[in-house]
Structures are given as structure tokens and as C-alpha cells.
Amino acid sequence: MLAKLDALGIADDTVVVFTSDHGDLRGSHGRTNKGLAWEESSHVPQIVRVPGGRCGVAADGMVSGVDFFPTLLNFAGAPCPTDKEGVDLAPFLRGETDAQPSRVFAEMASWCMVRDGDWKLVAERPGVTPSHLFDLATDPYELNNLVASPRHSRTRGALLDTLREWDARVRRDA
């Protein structure tokens, strides 16, 4: 594809994005398929080629599908409406900043979650009731649910406030 862009003379004017819409559990946690809050279901690959931008950089910032809208509008030179969700990743992809998003939200009808750095809080809907809390730095396979741990109540509370604010803002049935 990149060779064809070169042959057409448009490679220097074309941003290429390769991604997927979801992961797959493939038996992890005794589950299959997608649509659950486990990392295997929510992680997706993303490769972006920006003419004159970063090259050969593996970044570990967190992005979401909603980030494509403001990012691609930026590349097109168009403003993004202020009422839209998403983070404009264009400055990072161009190499203008090293700042990467550290927070991402995800949802399905029956649950929502926030991942902030190494911490992840999952909540059941309606009501945004916490069901799982993980420290992915020490528990990358999400085997130790810390949601009821008094030691982590402050982290749980901060993430829950963030998740409830986000849920109230984006919920379509409200």
C-alpha cells in the first residue's frame, strides 16, 4: 500500500492508519470473543504513518477509537467541534510533543471502565457500580480484583469519580 501511495505521488500527503475495533479473549478468564472489559478484549493494535512525523517509535500511551475523529480532522486542517469526545493525537504523531494520553474509557451497554496509567476500574451499569479494580503494573493478567480492598479505597474513589463524570457526559439514555 505504501509503495502504491509513492507510485501515485501522494505518499507525502497521506496519513495511513492501521487498527482494529477490538481484541479477543480467546479463552482468557474462561471467556471467548469480545465485548468484555478484560484487557485482552479492549487492547487493539494501532500503527500510524504520518508524512514527516515520528518514525519507528513504539509508544505506550492509551488511545481510543474516538481519538481518530479529532486527530484526522487536525491532519485535514479542520477544527474539531468542542462537544466531541476524543484526544487529538496529531501533535504527538508529528513529533511536536512527547505527551501521550494516559487515560482511556471504554463501554458496552452493561458496563463501563476507565484505565488511567496502570490502574483500571470497571463498573456495572446502570448506576456505575464498581465491580473490578486492577493494578496492571503488578497484575497484568487481571487476576487480583482490588475493588473491595481498603488499602486501595482512595484510588478506587478517584477513578470512580472520573468514570461517573465521563458516563454522565456520554450516556445516550440520560
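Check the entry above for the structure.
Residues numbered from 1 in each chain as written. Predicted model: local features only at pLDDT ≥ 70, side-chain atom pairs only at ≥ 80, totals over all residues. Heavy atoms only, no water.

**Describing helix α5 (residues 153-170)**
Then comes step 1: Here α5 is 18 residues long and its end C-alpha atoms lie 25 Å apart, about the 26 Å a rise of 1.5 Å per residue gives.
Then comes step 2: Looking only at α5, the buried set comprises Arg 156, Leu 159, Leu 160, Thr 162, Leu 163, Trp 166, Asp 167 and Val 170.
Then comes step 3: Turning to α5, the residues buried within the fold contact β3 (103-108), β4 (111-116), β5 (119-124) and β6 (129-135). (Helix = DSSP H or I, 4+ residues; strand = E, 2+ residues; numbered from the N terminus. Expected span 1.5 Å × (residues − 1). Buried < 20%, exposed > 50% of the residue type's maximum accessible area, 1.4 Å probe, protein only. Contact = heavy atoms within 4.5 Å.)

**Some words on the packing of aromatic side chains**
Both the distance between ring centres and the angle between the ring planes are used here to describe each pair of aromatic rings.
Then comes step 1: Throughout the structure, instances matching the rule amount to one aromatic pair.
Then comes step 2: Against the face of Phe 92 rests Arg 54, its NZ or CZ located 4.1 Å from the ring centre. (Phe/Tyr/Trp six-rings, centres within 6.5 Å; stacked < 30°, edge-to-face > 60°. Lys NZ or Arg CZ within 6 Å of the ring centre and 35° of its normal.)

**Focus: unusual backbone geometry**
Then comes step 1: Put simply, Arg 125 and Pro 126 share a cis peptide bond, and its omega is -5 degrees.
Then comes step 2: Among the structural elements, Pro 126 can be located in the loop between β5 and β6.
Then comes step 3: The phi torsion at Val 128 lies on the positive side, around 50 degrees, for a residue other than glycine.
Then comes step 4: When you line up the elements, Val 128 lands in the loop between β5 and β6.

**Quick word on helix α3 (residues 68-75)**
Then comes step 1: Within α3 the residues assigned to the buried category are Pro 70, Thr 71 and Leu 73. One side of α3 holds all its buried residues, which, seen down the axis, span an arc of 165 degrees.
Then comes step 2: If you follow the buried residues of α3, they end up packed against α4 (90-94). (Arc of directions from axis to C-beta.)

**Comments concerning the pairing of β6**
Then comes step 1: In the sheet, β5 pairs with β6 via six bridges, with the strands oriented antiparallel. If you follow Glu 124 over to β6, its bridge partner there is Thr 129.
Then comes step 2: Between β5 and β6, which pair antiparallel and follow one another directly, the connecting turn spans four residues, one of which, Gly 127, has a positive phi of 95 degrees. (Pairing = 2+ DSSP bridges.)

**Details of the nonpolar core**
Then comes step 1: In terms of nonpolar packing, the biggest core is built from 14 residues, with Cys 112, Leu 121, Val 128, Leu 133, Leu 159 and Leu 163 touching the most fellow members.
Then comes step 2: Taken together, the elements giving at least two residues each to this core come down to β4, β5 and α5.
Then comes step 3: Each residue touching Leu 121, except ones within four places of it in the same chain, is listed here: Cys 112, Met 113, Val 114, Pro 130, His 132, Leu 133, Arg 156, Leu 159, Leu 160 and Leu 163. (Core = buried A, V, L, I, M, F, W, Y, C linked by side-chain atoms within 4.5 Å.)

**Things to note about the sheet that holds β3**
Then comes step 1: The sheet built from four strands is open, its strands ordered β3-β4-β5-β6 with antiparallel pairing. The sheet terminates laterally at β3 and β6, the two strands that pair on one side only. For this sheet, the mean inter-axis angle between neighbouring strands, taken without regard to orientation, is 15 degrees.
Then comes step 2: Sheet topology places β4 next to β5; six bridges connect them, and they run antiparallel. Within β5, the residue paired with Cys 112 across the bridge is Ala 123. (Axes fitted to C-alpha atoms, helices over the stretch in contact; angles between N-to-C directions.)

**Description of the pattern of salt bridges**
Then comes step 1: Scanning the entire structure with this criterion turns up seven salt bridges.
Then comes step 2: Here Arg 54 makes a salt bridge to Asp 98, at a shortest N to O gap of 2.8 Å. Of the two residues, Arg 54 sits in the loop between β2 (46-49) and α3 while Asp 98 sits in the loop between α4 and β3, which places them 44 residues apart along the sequence.
Then comes step 3: Looking at Arg 54, the relative accessible area reads 24%, which means it is partly exposed.
Then comes step 4: The exposure class assigned to Asp 98 is exposed, which follows from its relative accessible area of 63%.
Then comes step 5: Arg 169 is the salt-bridge partner of Glu 165, the closest N and O atoms lying 2.7 Å from each other. On the criterion of helical spacing, the pair formed by Glu 165 and Arg 169 is a turn pair, its members being four residues apart in helix α5.
Then comes step 6: The class of Glu 165 is partly exposed, set by a relative accessible area of 45%. (Salt bridge = Lys/Arg side-chain N within 4 Å of Asp/Glu carboxyl O.)

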